[in-house]
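What the coordinates show
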Amino acid sequence: MGEKIAIDRIPVCGRIPHFNYKVVKQMYYHIWTIGCQMNVADSQRVAAGLERLGYTPTDRAEDADVMILNTCVVRQQPEDKATNRLNQLRSMKERYPERVLGLMGCMVGVKDPAPLRERFPWVDLFLPPSDPTELWSHLAENGKLSEAQTLIADAEARRLALGRTDTILPASEQGHVVNAYLPIVLGCSHACTYCVIPYRRGAERSRPMSAIIAEAHQLAAQGVRQLTLLGQIVDRYGYDLPEFGRSSETPLVALLREIHAIEGFKRIRFLTSHPNWMRDDLLDAVAELPKVCPHIEVPVQAGDDEVLTRMRRGYTVDDYRKLVARIRERIPGVSIATDIIVGFPGETKAQFDNTCDLLKELRLDKAHIARYSARPQTVATRRFDDNLSHEEKERRRKALDNLQSDILTEINARYLDETVDILVEGWHARRKRWFGRTTTDRLVFFDPVQDSGRDPGEAGRDTNRLGHIVPVHIEWAGPWSLVGKPAEE
Ligand code: SF4
């Protein structure tokens, strides 16, 4: 791998600093990320920190001096995937012991990693979710950093200790990234019986508003045009912050107004909501603030009261039904997405049918459907017998997915022959098309402008539409995406 000339500015005597030229090995990093948007945001920050130290990204773990696996354990499958990846990297780590291998995210969690250290002795570092502090000190203490780099790393560790960071987007992504995720609430204190997140990400804690605003300004200055605010229950932002103690306004509304005023952002989103915390002033703010997209992500998880009670979600089917009506009444043209777990322990055929009926009735714009997966430590695993077979869970997941696909085919047909504004997020090389989303979170592909005599793909590629709002005339509509042509053509 490459070498580079590094300049360490080492002050010697008098006023004129001396420069010490030396050839140092170009250092590479590789981050492997699975799971939710929170993990994507966490990995981006680690990447940004490493690039500040002079590391260069590589797609090949085999070439990396620092490898980080950012993991998810919300279901057994992603946990198995991470374990397999760690086992695959063992021989490489044993061959190159000087390289740094770190495990991060929900597989590590917030508890003592001693059991993991025992299970994976070839791993150097175990980093809690959203907290890479130990990485910087490890690199400094193990001679991986020059004097200058150590100063940078120390400063970053101090900032992180204050809940701030100056490194959000890696330099290699600045100017090329349209979307960015900004965590505003970490952890969760709700206690859904099936969920492992509170045990792995800890209790709910809102980040200081000033830190969030400062980071939002940075992201806008670095070319981000769509900002998504993140929290396990994002609507609970600020309830634990003293500055909102007496305010009657939902703190998230105050934050949305502040971010809305920042130049550069064209779209603002937030996820994930919880039915019990969606207050009217929040819905009204979504309707009022033009950059805030009329799209709400609010999981229902099941369409049966008995199942919801055993999930300890804290609302009934009728509460959810009324919430959907309230959202649609207060936000014109709103789209609503939900999450559903099928095959929860003891879910009867009739209870599953109730979930199907609710989906048919509410005709939501998106439904993420997952099979129940028993997680260690959770109340459901301790109390309930996971009595449904994988095959039966999969049959229910497929049935609900097909139902939602039919609903979406009907709903999306209304976009045909319409012109919609797309925020362009990227170029799809295989389809030779640009892609982006409507404010209602519809995925749209569109052709590049025809330039006679040239390969449309290449021609389209030339007109950099990244981060622009493009009016697209829709010519095809399917359940999962729409296709069209730029309206100006
Ligand atoms: S609200 Fe429930 S499902 Fe969501 S993160 Fe918290 S405990 Fe998990």
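Described below are features of the structure shown in this document. Here the structure is a predicted model, which means the values were calculated and not measured.

1. Points about the overall build of the chain
A tally of regular secondary structure across the chain gives 15 helices and 20 strands. Nonlocal contacts in the chain, meaning residues at least 24 apart in sequence, comprise 71% of its contacts between residues at least 6 apart. A total of about 21900 Å² of accessible surface is found on the chain, and carbon and sulfur atoms cover 51% of it.

2. As for the packing of helix α9 (residues 280-288) against helix α11 (residues 317-330)
Any two packed helices are characterised by the angle at which their axes cross and by the distance between the axes. Running from N to C, α9 and α11 point in directions that differ by 35°, and their axes come no closer than 9 Å. In the crossing of α9 with α11, the sense of the turn from one axis to the other is right-handed. Residue-level inspection shows D280, L283, D284 and A287 of α9 in contact with α11, the latter providing R326, I327 and R330. In the contact of α9 with α11, the residues fall into three nonpolar, no polar and four charged.

3. Topic: α9
Of the residues making up α9, those classed as buried are L282, L283, A285 and V286. Taken end-on, α9 shows its buried residues confined to a sector of 160°, consistent with a single buried face. On its buried face, α9 is in contact with α8 (251-260), β12 (267-271), β13 (295-297) and α11.

4. Remarks on the site of the ligand
Contacts to the ligand come from C188, H190, C192, Y194, C195, I197, P198, Q232, I233 and R313. Partitioning the shell around the ligand into residue classes produces seven nonpolar, two polar and one charged.

5. Details of the pattern of salt bridges
Applying the stated criterion across every chain, the model contains 36 salt bridges. Between E288 and R257 there is a salt bridge, and its shortest N-O distance comes to 3.0 Å. Linking E288 in helix α9 with R257 in helix α8, this pair joins segments that are 31 residues apart in sequence. Residue class for E288 comes out partly exposed when judged on its relative accessible area of 48%.

6. Let's talk about the packing of aromatic side chains
This model, assessed by the stated rule, comprises eight aromatic pairs. On the numbers, 6.4 Å between centres and 35° between planes, the contact of Y315 with Y320 is tilted. Comparing Y315 with Y320, the two get one shared label, buried. Ring centres of F344 and Y372 lie 5.3 Å apart, and the angle between their planes is 75°; this geometry places the pair in the edge-to-face category. Of this pair, F344 sits in the loop between β14 (335-342) and α12 (349-362) while Y372 is found in the loop between β15 (366-371) and α13 (379-383), placing the two residues 28 residues apart along the sequence. The two residues F344 and Y372 agree in class, both being buried. Ring-pair connections join several aromatic residues into one group, and the members of that group are F344, Y372 and F384. Stacked on the ring of F384, the Lys or Arg R310 has its end atom at 5.3 Å from the ring centre. In this arrangement the basic side chain of R431 is found over the ring face of F445, its NZ or CZ atom lying 3.9 Å from the centre.

The rules behind the values
Residues numbered from 1 in each chain as written. Predicted model: local features only at pLDDT ≥ 70, side-chain atom pairs only at ≥ 80, totals over all residues. Heavy atoms only, no water. Helix = DSSP H or I, 4+ residues; strand = E, 2+ residues; numbered from the N terminus. Contact = heavy atoms within 4.5 Å. Areas by Shrake-Rupley, 256 points an atom, 1.4 Å probe, with all protein chains shown as cover. Axes fitted to C-alpha atoms, helices over the stretch in contact; angles between N-to-C directions. Left-handed = near helix turned anticlockwise from the far one by under 90°. Nonpolar A, V, L, I, M, F, W, Y, C, P; charged D, E, K, R; others polar. Buried < 20%, exposed > 50% of the residue type's maximum accessible area, 1.4 Å probe, protein only. Arc of directions from axis to C-beta. Near = heavy atom within 4 Å. Salt bridge = Lys/Arg side-chain N within 4 Å of Asp/Glu carboxyl O. Phe/Tyr/Trp six-rings, centres within 6.5 Å; stacked < 30°, edge-to-face > 60°. Lys NZ or Arg CZ within 6 Å of the ring centre and 35° of its normal.

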